[in-house]
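Coordinate analysis (summary)
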Amino acid sequence: MVSVRDLVKAYESLDKADLRVLRIVELGHRRHEYVPVELVLAYSHMPKTAVSRSLAKLNWLGMLVRRVGPYMGYKMTFLGYDCLAIHTLRKRGTIEYISSAPIGVGKESVVYMGGSADGERYVLKFHRVGLTSFRNVRKLRTWLGDRRHVTQLYESRLSAQMEYKALALLNGRVNVPRPIDVNRHVVVMDHIEGLELYRLRSVEEPRRVLEAVVDNAVRAYHMGVVHGDLSEYNVLVDVEGDVWLIDWPQWVPTAHGSAQALFRRDVERIASFFAKRFGTSMDLDKVHAVSGTATSMDVDAVVDEILKRVEDELREE
Ligand SMILES: Nc1ncnc2c1ncn2[C@@H]1O[C@H](COP(=O)(O)OP(=O)(O)OP(=O)(O)O)[C@@H](O)[C@H]1O
Ligand SMILES: [Mg+2]
């Protein structure tokens, strides 16, 4: 079995035929939980021996899982999906390389460094299941309904699209990493040279930093966006002392029923971290008053746009 650390090695070991077989399995998942070998054969336009060879190799690499039941079929794993996304992002010219090991493994993502041909440094965030991200967006759940058999991959894909959308909405107005590209379950964004807030033992002006975080949360609110999982783990502080809000897949529009409560929780969590760690306090009443203001964002339109993007991507394949 190949561990996640070997993603790049695994990707580099794939030849054209393997990638083609992977893509066919991906397509086959629209109808089958386990894609029948016969179907892969029919669509590949490759000799049977070549298809069998690729399927065996992909299975051995841990990119496909085989099932020998009523018929022999294959199911894509995250590793396989990762490779398809890397391949597309490379073909598009978004990235030229990706780090050999992840720079972070979170609960719902694996994060790699990457870079473009012209020397830009990026972060590639590979989403892993995002059910919690759209707990409250019924439309998304309905859409997932008839795709239950590949739930994890689709949910991760939606999760990535959600995060990308938030970054695109906020970029330039709130300190978030600049979104570069998104494909399948992977978001590419600028790499922020900084440390997570929770790692900092001392800060020169803690009050200024606290106010900057809250100010960014308020600005996002005015853009119609509530983070929903703001904490000392999702704020980066760079060498200049500027703060960056990361990790947006679970954002909710301010028009959403839980938005107010989530906004309060976000701000209070940050404030209590500063109180505990640095003894800094801040009057939050003003902030909470701000959160009462209405917003004009059309939630349905945003969700429709995200669904359309996923459908378009699926059609392209
Ligand atoms: N744009 C970025 N620039 C620099 N580092 C980043 C960036 N995005 C993510 N990271 C790093 O990767 C880690 C995980 O990213 P993120 O918080 O977005 O995902 P996550 O799945 O929520 O992880 P966790 O469950 O640990 O919170 C971050 O804590 C940070 O160290
Ligand atoms: Mg995080």
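Right above here is the structure, for reference.
Please read these numbers as outputs of a predicted model, since none were measured by experiment.

Take the overall build of the chain next. Secondary structure assignment for the chain yields 11 helices and 14 strands. In the chain, which comprises 317 residues, the proportion classed as buried is 39%. For the chain, the proportion of contacts with a sequence separation of at least 24, taken over those separated by at least 6, is 64%.

Take the packing of helix 2 (residues 16-28) against helix 4 (residues 48-61) next. Viewed as axis vectors pointing N to C, helix 2 and helix 4 meet at an angle of 80°, and their least axial separation amounts to 9 Å. For the element pair helix 2 / helix 4, the angle class is roughly perpendicular. In this structure, helix 2 contributes A17, D18, V21 and L22 to the contact, and helix 4 contributes A50, V51, S54, L55, K57 and L58. For the contact of helix 2 with helix 4, the class distribution of residues is 7 nonpolar, 1 polar and 2 charged.

Judged by how many residues are buried, strand 7 (residues 121-127) sits mostly within the fold: 6 of 7 residues are covered. Pairing of strand 6 (residues 109-115) with strand 7, which is carried by 7 bridges, proceeds in the antiparallel orientation. Its bridge partner lying in strand 7, G115 is registered against R121. Both strand 7 and strand 9 (residues 186-190) contribute to a ladder of 5 bridges, which runs antiparallel. Across the sheet, the residue bridging to L124 is V188, located in strand 9.

So, on to the sheet that holds strand 2 (residues 64-68). Here we have 3 strands laid out as an open sheet, ordered 1-3-2, and antiparallel in their pairing. Looking along the sheet, the strands with just one partner apiece sit at the ends: strand 1 (35-36) and strand 2. Relative to strand 3 (residues 72-76), strand 1 runs antiparallel, the two sharing 2 bridges. Paired with V35 across the strands is Y74, a residue of strand 3.

One finds V25, C83, V186 and V188 to be the most contacted residues of the largest nonpolar core, which totals 81 residues. The element that contributes the greatest number of residues to this core is helix 7 (residues 151-170), accounting for 10 residues. Aside from chain neighbours lying at most four places away, what touches C83 is A10, Y11, L14, L22 and M63.

This part takes up the site of ligand 1. Contacts to ligand 1 come from 18 residues, most closely from G104, G106, S109, P177 and D247. Listing elements by their share of the shell around ligand 1, those giving two or more residues are strand 6 and strand 7. Each of two domains, domain 2 (91-192 + 302-316) and domain 3 (194-300), supplies a minimum of three residues to the shell around ligand 1.

Let us now look at the sheet that holds strand 13 (residues 243-245). Spatially, the 3 strands line up as an open sheet ordered 10-12-13, and their pairing is antiparallel. Each of the sheet's edge strands pairs with one partner strand only, and the pair in question is strand 10 (194-196) and strand 13. If you compare each strand with its neighbour and ignore which way they point, the axes differ by 30° on average. On the sheet, helix 8 (residues 206-222) packs against strand 12 (235-238) and strand 13 and is oriented at approximately 35° with respect to strand 13.

Each value, and the rule that gives it
- Residues numbered from 1 in each chain as written.
- Chains lettered and ligands numbered in written order.
- Predicted model: local features only at pLDDT ≥ 70, side-chain atom pairs only at ≥ 80, totals over all residues.
- Helix = DSSP H or I, 4+ residues; strand = E, 2+ residues; numbered from the N terminus.
- Buried ≥ 20, exposed ≤ 12 C-beta atoms within 10 Å, placed from the backbone.
- Contact = placed C-beta atoms within 7 Å.
- Axes fitted to C-alpha atoms, helices over the stretch in contact; angles between N-to-C directions.
- Parallel < 35°, antiparallel > 145°, perpendicular 65-115°, else oblique.
- Nonpolar A, V, L, I, M, F, W, Y, C, P; charged D, E, K, R; others polar.
- Pairing = 2+ DSSP bridges.
- Core = buried A, V, L, I, M, F, W, Y, C linked by C-beta atoms within 7 Å.
- Near = placed C-beta within 6 Å.
- Domains from an automatic or database assignment.

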